[in-house]
Every structure is written in C-alpha cells, then in structure tokens.
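Summary of the model geometry
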Amino acid sequence: MADLLVLTPSADGPADVVPALALLAHRTRVVAPEPTSMLDAVDADVIVVDGRGDLADARNNCRLVQVTGVAVPLLLVLTEGGMSIVNAEWGADDVVLATASPAEIEARIRLLMGRANEKDPLENAAEYSSGDLTVDVGGYTARLKGVPLDLTYKEFELLKYLMQHPGRVYTRDQLLQEVWGFDYYGGTRTVDVHVRRLRAKLGAEHEQLIGTVRNVGYRFDPPSKGAVSARSRQSAVRD
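To keep things clear, this report deals only with the structure shown in the data block. (Residues numbered from 1 in each chain as written. Predicted model: local features only at pLDDT ≥ 70, side-chain atom pairs only at ≥ 80, totals over all residues. Heavy atoms only, no water.)

1. Structural notes on the packing of helix α5 (residues 153–164) against helix α6 (residues 172–180)
- One can describe the packing of α5 onto α6 by two numbers: an axis separation of 10 Å at closest approach and a directional angle of 115 degrees. By the angle class used here, α5 and α6 are roughly perpendicular. Both α5 and α6 take part in a crossing whose hand is right-handed. On α6, the residues that touch K154, E157, L158, Y161 and L162 of α5 are L175, E178, V179 and W180.
- Across the contact of α5 with α6, the residue classes break down as six nonpolar, no polar and three charged. (Axes fitted to C-alpha atoms, helices over the stretch in contact; angles between N-to-C directions. Helix = DSSP H or I, 4+ residues; strand = E, 2+ residues; numbered from the N terminus. Parallel < 35°, antiparallel > 145°, perpendicular 65-115°, else oblique. Left-handed = near helix turned anticlockwise from the far one by under 90°. Contact = heavy atoms within 4.5 Å. Nonpolar A, V, L, I, M, F, W, Y, C, P; charged D, E, K, R; others polar.)

Encoded structure:
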C-alpha cells in the first residue's frame, strides 16, 4: 500500500482525477497545487499531478514540485491531447491516461516506488562537494576552497543534512527532528540561529548556499555551473 498525494484543483476527490484509484487500496490525500502543499509531500510515496485541464497549469504544477525540491516520484495524469505535448522539461517521472485501468495504475506506482527506493550514493558518500564547498562525512570536517571551516557539531550536521538533499526545502520543524532529534525540546528559533551562524562562516561569497524559502523553511542551493566557472576565472586572473 502506497501513500499518494494527489495535486489537483478539483474538490471531487482522487477518483475524479484517476477513477481507477477508487478500486485500489492505496492511501490518498488531495491537496491544492500551492507551494505550502509541498509540506505534505515529504511523507508521500508518489505525487499524482492532475494534468487533465489546462496544460500550462499542469506543466507549472509539475515545476512546482521541482522548485520546492521534493524528492518524491511524480506521476502526471493526462488526457489523450496532453500526451502529444508533454516532454522531459515538465519533470514528470511517468505519465498515464486518466482512463487507465487499475492494473496499469498499480504497475506504474509500483515501478515508481521501486526506482525511488534505490540507494542514493550521496547518502553513504564519505566525501562530496558542491562548488567550492566539500564535506568529509567520516572526518566531520567541511572545507571551503580547501580551507577548513570552524563549525560546531550541530552546524556541521545541519550543513551536511541540507547538502545531502540539494534543492529540497525543509521546514524548521523537520530540521529540528532530523538534525537535533525527536527528543529535543528547544524551539524552531534554534534552526534560525544555526543557519545564521553557518552563513556567517561561509562568508558573503557563499552564504547563498543556504537558501531561504519564505514562509516555508531552508534548502541547500548548489551554485550553478556558470557561477562556478566565473569564480574560477576570477581566481585565475588574481593569481
């Protein structure tokens, strides 16, 4: 049994989006296509995006999932007309017709979950980098342009956790649970304080690596390839 988050403007329930869901035993939740709805997606196994209506809205809703960095497989539901337009830029992991049979829906959900459960090598990496920043998990050290950063244990754990999930937005409550643990009774202001200290230690040139999503939380924003190349050229000129 899977937990499905159905992203749709319809108020008629998941069976309105995919009638076959009424015949399957999966748990379903219906939310409106809004940024705050992505907070509910963290615990989902598959996000089902309703693309039966306006195709521009359908594409934007797929991109909404990408922008908020939710690492959950996305199943896009379309009509025959939408199938001729959708492409890889939409960011869907799979597409299906709204009229698909229960067996087909079940198979697609099962395959999406199977691929998502494959191990992410970043989770177990001993060391990984993003631009000028390198984190050594085993050595509990972080280096910026080869220079070690003077981080406290929790600052390192917070940086490591965000860096392991680039682009994914976490609320303060989620970060408290993941970094400080369920037995921590401090308030969410603790997260804000540690983020502020981390940014200060990263310096003005790199503080934007820890991004703020207004009214939601924080995420790790890897530098673009263009930005990294530009800094490399500037460094070469100074040398």
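We are not done yet, so read on.
2. Re the sheet that holds strand β7 (residues 133–136)
- Strand order in this open sheet of four strands is β6-β7-β8-β9, and the pairing throughout is antiparallel. The open sheet has two edge strands with one neighbour each: β6 (127–130) and β9 (147–148).
- Across the face of the sheet, α5 comes into contact with β6, β7 and β8 (141–144) while running at roughly 110 degrees to β7. (Pairing = 2+ DSSP bridges.)

3. A closer look at the side chain of T8
- Residue placement: T8 occurs in the loop between β1 (3–7) and α1 (14–17).
- A distance of 2.7 Å separates polar atoms of two side chains, one belonging to T8 and the other to D50.
- Those residues in contact with T8 that lie beyond four places of it in its chain are V17, V30, V31, A32, P33 and D50. (Polar contact = N/O pair within 3.5 Å; in protein donor to acceptor, adjacent residues only side chain to side chain.)

4. Considering the pairing of strand β5 (residues 94–97)
- Residues D94 and V96 of β5 are buried on one face, while the alternating residues V95 and L97, pointing to the opposite face, are not.
- Pairing geometry for strand β4 (residues 74–78) and β5, over four bridges, is parallel. By the bridge assignment for β5, V77 is matched with V96. (Buried < 20%, exposed > 50% of the residue type's maximum accessible area, 1.4 Å probe, protein only.)

5. Examining the pairing of β8
- Here β8 shows a clear split, with A142 and L144 buried on one side and none of T141 and R143 buried on the other.
- The sheet contact formed by β7 and β8 spans four bridges and is antiparallel. Residue pairing in the sheet places V135 in a bridge with A142 of β8.
- The hairpin formed by β7 and β8 contains four residues between the paired strands, and Y140 there has a positive phi angle of roughly 50 degrees.
- Strand direction decides the pairing type here: β8 and β9, joined by two bridges, are antiparallel. Counterpart to R143 in the pairing with β9 is P148.
- Remark: two residues form the turn of the hairpin made by β8 and β9, two consecutive strands paired antiparallel; K145 in that turn has positive phi of roughly 55 degrees.

6. Examining the packing of α5 against helix α7 (residues 189–202)
- Remark: α5 packs on α7, axes separated minimally by 10 Å, with the N-to-C direction vectors making an angle of 85 degrees. The orientation of α5 relative to α7 falls into the category roughly perpendicular. Along the contact surface, α5 presents K154, E155, L158 and L159, while α7 presents H194, V195, R197, L198 and K201.
- Class assignment of the residues belonging to the contact of α5 with α7 gives a composition of four nonpolar, one polar and four charged.

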